[in-house]
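The residues making up each chain are set out below.
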Amino acid sequence: MKRTVIPEIKKELIHKLATEDTREDGRSLLQFRELKFETGIIGTANGSSRLSLGGTEIIVGVKVQVGTPYPDKPDQGVLMTGCELKPMAHPSFQGGAPSEEAIEIARVVDRGIRESGMIDMHKLCIEPEKKVWMIYLDIQVLNYDGNLFDAATMAGVLALHNARILDINNPEGEKVPLPITSWPLTVTFVKIKDSIMVDPTFTEERIANARLTISMDDNGDIRAMQKGLNGALIYDDAIRAMDTARELTFDLRARLQNNP
Amino acid sequence: MKRTVIPEIKKELIHKLATEDTREDGRSLLQFRELKFETGIIGTANGSSRLSLGGTEIIVGVKVQVGTPYPDKPDQGVLMTGCELKPMAHPSFQGGAPSEEAIEIARVVDRGIRESGMIDMHKLCIEPEKKVWMIYLDIQVLNYDGNLFDAATMAGVLALHNARILDINNPEGEKVPLPITSWPLTVTFVKIKDSIMVDPTFTEERIANARLTISMDDNGDIRAMQKGLNGALIYDDAIRAMDTARELTFDLRARLQNNP
Amino acid sequence: MKRTVIPEIKKELIHKLATEDTREDGRSLLQFRELKFETGIIGTANGSSRLSLGGTEIIVGVKVQVGTPYPDKPDQGVLMTGCELKPMAHPSFQGGAPSEEAIEIARVVDRGIRESGMIDMHKLCIEPEKKVWMIYLDIQVLNYDGNLFDAATMAGVLALHNARILDINNPEGEKVPLPITSWPLTVTFVKIKDSIMVDPTFTEERIANARLTISMDDNGDIRAMQKGLNGALIYDDAIRAMDTARELTFDLRARLQNNP
Amino acid sequence: MNEKIRLINDDGLRVDGRKPDELRPIKIEAGVLDNADGSAYVEWGNNKVIAAVYGPREVQPKYLQNSAKAIVQVNYNMAAFSGDDRIRPGPNRRATEISKITAEALENVILTNQFPRTSIDVFIEILEADAGTRCAGLTAASVAVADAGIPMIDLVPSCAAGKADDQVVLDVGKLEDNIGQADLPVAYVPRTGEIVLLQMDGHLTRDEFEKALNMAIEACKDIHALQQEALKSRYSPQKEGGDAE
Amino acid sequence: MNEKIRLINDDGLRVDGRKPDELRPIKIEAGVLDNADGSAYVEWGNNKVIAAVYGPREVQPKYLQNSAKAIVQVNYNMAAFSGDDRIRPGPNRRATEISKITAEALENVILTNQFPRTSIDVFIEILEADAGTRCAGLTAASVAVADAGIPMIDLVPSCAAGKADDQVVLDVGKLEDNIGQADLPVAYVPRTGEIVLLQMDGHLTRDEFEKALNMAIEACKDIHALQQEALKSRYSPQKEGGDAE
Amino acid sequence: MNEKIRLINDDGLRVDGRKPDELRPIKIEAGVLDNADGSAYVEWGNNKVIAAVYGPREVQPKYLQNSAKAIVQVNYNMAAFSGDDRIRPGPNRRATEISKITAEALENVILTNQFPRTSIDVFIEILEADAGTRCAGLTAASVAVADAGIPMIDLVPSCAAGKADDQVVLDVGKLEDNIGQADLPVAYVPRTGEIVLLQMDGHLTRDEFEKALNMAIEACKDIHALQQEALKSRYSPQKEGGDAE
């Protein structure tokens, strides 16, 4: 990713607003941007979603194909999560192999979904050691304005819930959902000077000291975390972020579930 | 490919000559350069040819190996056409992965051969879903002086006709030809200012506005086409090119067949 | 590899010392640097060694896994030798794909071991055409101060002797050594002006005209050779090097065997 | 060619109910992405295509710079989930060829000599593929270039004709593409009457070619109108502020 | 999670005999390589890690140069023979992620603004892996940076806590990592009280998280002492020349 | 080694009828390509090799430039159809090694210090392989360098000796290479008496090595004469214009 320089005066404005619990776009520090989404938009995918979080816009497609299990997990399906940050989505993105940012996003989204136990991998086994369902979850960023972690996780979870696959026991019958029930979600915090805020925009990410993404399951338990950027957090930041994430994921989950 | 600049004065000369239906090398606009070829020159290949068209010189080797069919065509053999424009052949060619020019040439040559039905792909099936003949057609350009499309197609068709493979029903017996009969060929046109000419040299290609390659089967029907370069053709150009291509491929085909 | 410039005055010193049969570090021309090694240091490897030759330090790990034999050698195991010259080991080394230097080292080490018949490849066959032992010999250079050929060969041979694999006939029993007996070793010479010396340091390699590596089996017969660098040898250099290599490998072999 | 499936029925209608010279439904929207300098979204049958344009901007890598004009770089890509099987990310030979001919088609109409030493970067993402993606991609791309405010001679509509059950048909569909007899993608510039993209594979006689080419050109004129409408609706005052209502 | 294997026995001890809050044996040595500007070797349980630092030096490739500060580039790599299966050489996604977060952690403490336009290149080689390699790697890397004489606010000790058999445990071992319930790698800077690396996967309640984080922080303080000792022993006059004995 | 196949018969002749010290037929032609600055074609047994030289010319990539001399870059490549199995295009480890030692051999004789900051680029294409391709390639390459008018101390002939059925033999053939006992490729510069390429694999005693090396050197002298002839015939007035006839 090419560096983008944020003017000093803009930084100061954001610092000042933060001390007043507000931001450039009028949100409070712990408030998400407007969330819109639809599912089932890609006919060639088993499941799909298009989601926008403020100016960040993402399409996720789920393809489910029959494949061979890993030798060390012969009776489990496979989840492969990919993310590409293509030059289409932001002038700072470059073509070619996935950047380390793209890899980090894919791995953090994957970890949240995988560790939550959302997908019953054993039920994706068709014939042990030979045939399992392989789930390819591909994240395509159309427009980047910060907080890809949360947007991609929400879009991914929506697309997985939207997915339908062949019923192995009744191949002529109706397609069936994946063996999933829960809705793991993440909340991403950034620390700018001494303020902690959620759902950062591109500009906020660029001037932030540290970033923390927390993945929560339906119970509000922690399933994955990832600190990023070259600044630091303190102990209290981390603890407080847990509580905030718990609260916010309950809210986000309700919004996603109400409109599947 | 690195850009090569053609001097203005040369361009003007070519333009002027074209209005008089002639060219730098004395040819008329719809005349091919001298064509020479020999086949069976590479002992390690199943089939091979070396062909020169004016200053353009090409070697094509055909290797035929047993492989696995594509899942969607379980009872058909496979044709793989490759082309490399190596630095050996021209100072503007660079090393490394195949350039987009090389890929375009390979794909257009492949399309002409494949779409003509020249090769009976079903007869290349040895055991459905398991074993088929894979034909690797590799185009090696030794010296580049324009019109690789036509030269590579001719050399490819010659090498395929030259190829001999094991007789599956009689492995101890003599090798047998591939299941092919016809001679699909292409004619490549370039438009320079308002003139249309065939078999362009390197210089003519560089100053041309548009390029059109037409692949014709033994009946003079169209099997593939490819327009190239960042200029345009008009409707009449395309229609007239069809008629010319038909005529010229009949002539070229006769020359290739007389000397196999 | 980036070029490193050796000052003229240093070159002259080395030339002068060489005429007096000595070197910067006090060695005579045909004397190796101090050799230290230990084996069995990597728990995750089947065999391993850590070896230093003066300032050159190497770790070799041997992993032995079950794999498929090559079609043309259906009843033989497989040896794969890899070498990486990572930026950790010297400021002139660059990251990315293995350099041509690294490839040359891996191939020369491999050749010496393979051609000596040290490993009985037939005994590594578990089930012809289906299952054989694959030996991965990976050379990791930690610190580079010249003569990687000899250091890597010694470390490689030590690690192979150190390796233990599952006993196919008695999978519950103790692990068994690889089917090896001998100790192929190399001696590397450089020619600096008219002097020939063994076991060159980084500096000596950089100012050398030519390099010659000779691989000798337990009988002092030649099993592999490799001349390098853009200068030349004369006939007498080559012949004399044979005799010296024979003598020195007998000595080195004894030192390695005494401390396995 | 599969002999059992009929692509045209006794009433002369195609498998999706279209007449031989009928286009699939096409929807074009301009200005759909915030960051890109220009963008467009095209739905064409079940094809779903998004195109984004950045530029004129600095050329990367620099040695590609042309001191006389802007270069046009196109990246055509099928999203991993856009086809029947999952598509491995990264370039492949087909995408490389389509990117090349799309760039060549756009270079015909963009006034590149107004922006020497710069690059106009066009990204075409096929979100769902349903035969004819290169035509849909180029159609979207030229709207996106216009949306970026880059001066052009004209928009570039593109459409394929082809052959199915021995009959020339317009806008080849997925099944027709798979088991039909020919595909002839064309891009035509109405203002100049120029053909800027022309490919074919399959089997056409000279007469069929003429008929197919004419059919494709006529369709391009219709698509051109849809392109213009999309741009007009994007920049109409009603849409911008709503204050005219 | 495998229900049959008990990770904590009736005496409250773990499979390797450790108490829940007990570290594995750790050995740190500074200055182990001749060519590198700084280096360190860490043995931590069966983890064997070597770290080397070059710099501040010229940035390669140049376009990465930052005119305000040094950039920190980390290459974390597992040697081919360091794992249960042979690891194919070359970068992979896991290594890319670990390199990134390790660089971010080190940038917190290195006074990068003293060396504008340069690069500090850190190479971490995992020679043998036994769970916790990223913590061992960062622990080694920060000693290597110090050994290179590069000014830092503090050393960066790193340690993971986790959960096994529903109990919070320190310094997760290999079996605990494979079949345990959570892994929480932490890096903590004692002088500033800052957390500069924090990851988690598995399942922790809020209370377990708090307990685990505290446990890891305390362990970091102990590891910090070992890091200091390693540097002291490297630069103590007794070791250097032996003339003080 | 396959014990059943005899490589030398009772009359002391080899499988292809040659005597132990007999070369396969060699044909060398200079100046076979139009665009290259110099070129050569070599048929050697069934080996068919073409070499092309461009330069001295600008160095690509630039950072490889040497301010004191020309660099010599060699690309040795086996054509896809040149071997028993089809060869996947692109570099492999064997080709990388051969390119390296071929470049080193040529650098011995090219007066590189006359062309600082430039590159002499040598391309060797193996069209058909029949054992001994590196020797045939170097033999062709040095003729191509001379054909390019680049000043050299001497041409570089190259030839292998080896061992088959316990006997030292010259110019190892394909079957001898596959099941024989040793292969010793040599390149020898007649004017200086220098050995500029020397490799071996197999099994040779010291005496066998001496014998094989001598045999290869003598053969190089013969090949040198063929190289000179090829260049003479290329530049003889009879060939150029025919006006002297």
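Residues numbered from 1 in each chain as written. Chains lettered and ligands numbered in written order. Predicted model: local features only at pLDDT ≥ 70, side-chain atom pairs only at ≥ 80, totals over all residues. Heavy atoms only, no water.

### Quick look at the overall build of chain A
Link 1 in the chain: Along its length, chain A carries 5 helices and 13 strands.
Link 2 in the chain: Compactness check: chain A gives a C-alpha radius of gyration of 19 Å against a globular reference of 18 Å for 260 residues, within 12% of the reference.
Link 3 in the chain: The burial tally for chain A puts 61% of its 260 residues in the buried class.
Link 4 in the chain: Within chain A, contacts between residues at least 6 apart in sequence are counted, and of these 67% link residues at least 24 apart.
Link 5 in the chain: Surface summary for chain A: the accessible area is close to 10200 Å², and the carbon and sulfur share equals 48%.
Link 6 in the chain: Taken as two groups, the 31 positive and 38 negative side-chain charges of chain A have centres that lie 3 Å from each other. (Helix = DSSP H or I, 4+ residues; strand = E, 2+ residues; numbered from the N terminus. Rg over C-alpha atoms; globule rule 2.2 N^0.38 Å. Buried < 20%, exposed > 50% of the residue type's maximum accessible area, 1.4 Å probe, protein only. Contact = heavy atoms within 4.5 Å. Areas by Shrake-Rupley, 256 points an atom, 1.4 Å probe, with all protein chains shown as cover. Lys, Arg positive; Asp, Glu negative; His and termini not counted. Charge placed at Lys NZ, Arg CZ, Asp CG, Glu CD.)

### Some words on the overall build of chain D
Link 1 in the chain: What chain D contains, in helices and strands, is 5 helices and 9 strands.
Link 2 in the chain: The order of α-helices and β-strands along chain D, N terminus first, is β-β-β-β-α-β-α-β-β-α-β-β-α-α.
Link 3 in the chain: Nonlocal contacts in chain D, meaning residues at least 24 apart in sequence, comprise 67% of its contacts between residues at least 6 apart.

### Comments concerning the interface of chain E and chain C
Link 1 in the chain: In this complex, chain E contributes 28 residues to the contact, which on the side of chain C involves 26 residues.
Link 2 in the chain: Three residues stand out in chain E for area buried against chain C, namely Asn35, Phe81 and Arg86 of chain E, and they jointly supply 33% of the buried area on that side.
Link 3 in the chain: Applying the counting criterion to the chain E and chain C interface returns 2 salt bridges.
Link 4 in the chain: In this assembly, chain E and chain C are joined by 15 residue pairs in polar contact (both at pLDDT 80 or more).
Link 5 in the chain: Looking at the side of chain E that touches chain C, the element that brings in the most residues is strand β3 (residues 47–58) of chain E, giving 6 residues.
Link 6 in the chain: Taken together, the residues that form the side of chain E that touches chain C break down as 15 nonpolar, 4 polar and 9 charged. (Buried area = accessible area lost by both parts, 1.4 Å probe. Salt bridge = Lys/Arg side-chain N within 4 Å of Asp/Glu carboxyl O. Polar contact = N/O pair within 3.5 Å; in protein donor to acceptor, adjacent residues only side chain to side chain. Nonpolar A, V, L, I, M, F, W, Y, C, P; charged D, E, K, R; others polar.)

### Here's the deal with the interface of chain A and chain E
Link 1 in the chain: Of the residues lining the interface, 32 residues belong to chain A; the matching set on chain E comes to 34 residues.
Link 2 in the chain: Counting each side, the surface lost to burial between chain A and chain E is near 3000 Å², with a carbon and sulfur contribution of 52%.
Link 3 in the chain: For the salt bridge of lysine 100 of chain E with glutamate 104 of chain A, the shortest nitrogen-to-oxygen distance reads 2.6 Å.
Link 4 in the chain: Where chain A touches chain E, the interface holds 23 residue pairs in polar contact (both at pLDDT 80 or more).

### Regarding the sheet that holds strand β2 (residues 38–44) of chain D
Strand pairing in a sheet is mediated by backbone hydrogen bonds. Such pairs are either parallel or antiparallel.
Residues and elements named next belong to chain D.
Link 1 in the chain: With respect to topology, 5 strands assemble into an open sheet ordered β1-β2-β3-β5-β4, the strand pairing being mixed. Bordering the open sheet on either side are β1 (26–30) and β4 (71–78), each of which pairs with just one other strand. Strand after strand, the sheet turns through a mean of 15° between neighbouring axes, direction not considered.
Link 2 in the chain: Of the pairings in the sheet, the one linking β2 to strand β3 (residues 47–58) comprises 7 bridges and is antiparallel in character. Opposite valine 42, over in β3, you have valine 49 as the bridge partner.
Link 3 in the chain: Packed on one face of the sheet, helix α1 (residues 93–109) meets β4 and β5 (118–128) and runs near 140° to β4.
Link 4 in the chain: Lying over the sheet, helix α2 (residues 133–147) contacts β1, β2, β3, β4 and β5, oriented at roughly 150° with respect to β2. (Pairing = 2+ DSSP bridges. Axes fitted to C-alpha atoms, helices over the stretch in contact; angles between N-to-C directions.)

### Thoughts on the side chain of aspartate 147 of chain D
Link 1 in the chain: Inspection of the secondary structure puts aspartate 147 of chain D in helix α2.
Link 2 in the chain: When residues no more than four places from it in sequence are discounted, the contact partners of aspartate 147 of chain D are Gly31, Asp37, Gly38, Ser39, Leu231, Arg234 and Tyr235 of chain D.

### Section: the sheet that holds strand β1 (residues 26–30) of chain F
Residues and elements named next belong to chain F.
Link 1 in the chain: Read from one edge to the other, the open sheet built from 5 strands follows the order β1-β2-β3-β5-β4, with strand pairing classed as mixed. Of all the strands in the sheet, just β1 and β4 (71–78) have a single pairing partner and so form its edges. Each neighbouring strand pair of the sheet contributes to a mean axis angle of 15°, computed without reference to strand direction.
Link 2 in the chain: Relative to strand β2 (residues 38–44), β1 runs antiparallel, the two sharing 5 bridges. Bridge pairing in β2 links alanine 30 to alanine 40.
Link 3 in the chain: Strand contacts of helix α2 (residues 133–147): β1, β2, β3 (47–58), β4 and β5 (118–128), with the helix running at about 150° to β2, the strand carrying the most contacts.
Link 4 in the chain: Most of the contacts of helix α4 (residues 206–235) go to β1, to which it runs at about 35°, and overall it touches β1 and β2.

### Considerations on α2 of chain F
It helps to recall that an α-helix has 3.6 residues per turn; residues three or four apart then point in one direction.
Link 1 in the chain: Between its terminal C-alpha atoms α2 of chain F stretches 20 Å, which fits the 21 Å expected from 15 residues at 1.5 Å a residue.
Link 2 in the chain: Taken across its 15 residues, α2 of chain F has 14 buried, putting it largely inside the fold. (Expected span 1.5 Å × (residues − 1).)

### Notes on a nonpolar patch on the surface
Link 1 in the chain: Where nonpolar side chains cluster on the molecular surface, the patch consists of Ile5, Val15 and Leu175 of chain D and spans about 210 Å² of accessible area.
Link 2 in the chain: Within the secondary structure, leucine 175 of chain D is located in helix α3 (residues 174–179). (Patch = residues over 30% accessible without salt bridge, like charges linked within 9 Å, V, L, I, M, F, W, Y side chains within 5 Å.)

### A word on the packing of α2 of chain D against helix α4 (residues 206–235) of chain D
Residue and element names in this part refer to chain D.
Link 1 in the chain: For the pair α2 and α4, the least separation of the axes is 11 Å and the interaxial angle reads 35°. Relative to α4, α2 is oriented so that their crossing is right-handed. Contacts between α2 and α4 involve Thr139, Ser142, Val143, Ala146 and Asp147 from the former and Ile223, Gln227, Leu231, Arg234 and Tyr235 from the latter.
Link 2 in the chain: The residue inventory of the contact of α2 with α4, partitioned by class, reads 5 nonpolar, 3 polar and 2 charged. (Left-handed = near helix turned anticlockwise from the far one by under 90°.)

### Quick notes on the pairing of strand β10 (residues 195–198) of chain B
All names here are of chain B.
Link 1 in the chain: Two elements, strand β9 (residues 185–192) and β10, share 4 bridges in a ladder whose sense is antiparallel. Considered in β10, the bridge of isoleucine 192 is made with serine 195.
Link 2 in the chain: A loop of 2 residues connects β9 with β10, the two strands running antiparallel in sequence, and lysine 193 in this loop sits at a positive phi of about 50°.

### Notes on the arrangement of the chains
Link 1 in the chain: Left apart from each other, chain A and chain F have a closest C-alpha approach of 19 Å.
Link 2 in the chain: For chain D and chain F, which are not in contact, the least C-alpha distance works out to 12 Å.

### A few points about the pattern of salt bridges
Link 1 in the chain: Per the counting criterion, the structure on display carries 126 salt bridges over all chains.
Link 2 in the chain: Between aspartate 130 of chain E and arginine 24 of chain E there is a salt bridge; the shortest N-O distance is 3.2 Å. Remark: arginine 24 of chain E occurs in the segment before β1 (26–30) and aspartate 130 of chain E occurs in the loop between β5 (118–128) and α2 (133–147); sequence separation between them is 106 residues.
Link 3 in the chain: Since its relative accessible area comes to 11%, aspartate 130 of chain E is described here as buried.
Link 4 in the chain: Bridged by salt links that share partners, the residues Arg23, Asp25, Arg27, Arg33, Asp145, Asp199 and Glu204 of chain A form one connected network.

### Here's the deal with the side chain of threonine 56 of chain B
Link 1 in the chain: Mapped onto the elements, threonine 56 of chain B comes out in strand β3 (residues 56–67).
Link 2 in the chain: For threonine 56 of chain B, the contacting residues outside a window of four places in its chain are Arg33, Leu51, Asn143, Tyr144, Asp145, Gly146, Leu148 and Ala151 of chain B.

### Details of the confidence of the model for chain D
Residues and elements named next belong to chain D.
Link 1 in the chain: With 95% of its residues at a pLDDT of at least 70, chain D reaches an overall mean of 93.
Link 2 in the chain: Every residue in residues 239–245 scores below 50 in pLDDT, and together they form 4 contacts with partners more than four places removed in sequence or on other chains.
Link 3 in the chain: For this predicted complex, the interface score ipTM comes out at 0.94, while the overall pTM is 0.95. (pLDDT = per-residue confidence, 0-100.)

### Some words on the environment of proline 190 of chain D
Residue and element names in this part refer to chain D.
Link 1 in the chain: Assignment of secondary structure puts proline 190 in the loop between β8 (182–189) and β9 (194–204).
Link 2 in the chain: Residue classification places proline 190 among the partly exposed positions, given a relative accessible area of 26%.
Link 3 in the chain: Sequence spacing of proline 190 and isoleucine 217 is 27 residues, and the spatial spacing of their C-alpha atoms is 8.7 Å.
Link 4 in the chain: When sequence neighbours within four positions are dropped, the list of residues in contact with proline 190 reads Asp154, Leu155, Pro157 and His224.

### Here we look at the state of the cysteines
Among covalent bonds in proteins, the disulfide is the one between the sulfur atoms of two cysteines.
Link 1 in the chain: Tallied over the entire structure, the rule returns 0 disulfides over all chains.
Link 2 in the chain: No disulfide involves cysteine 135 of chain D; its sulfur sits 6.0 Å from the nearest other cysteine sulfur, which is in cysteine 159 of chain D. (Disulfide = S-S within 2.5 Å.)

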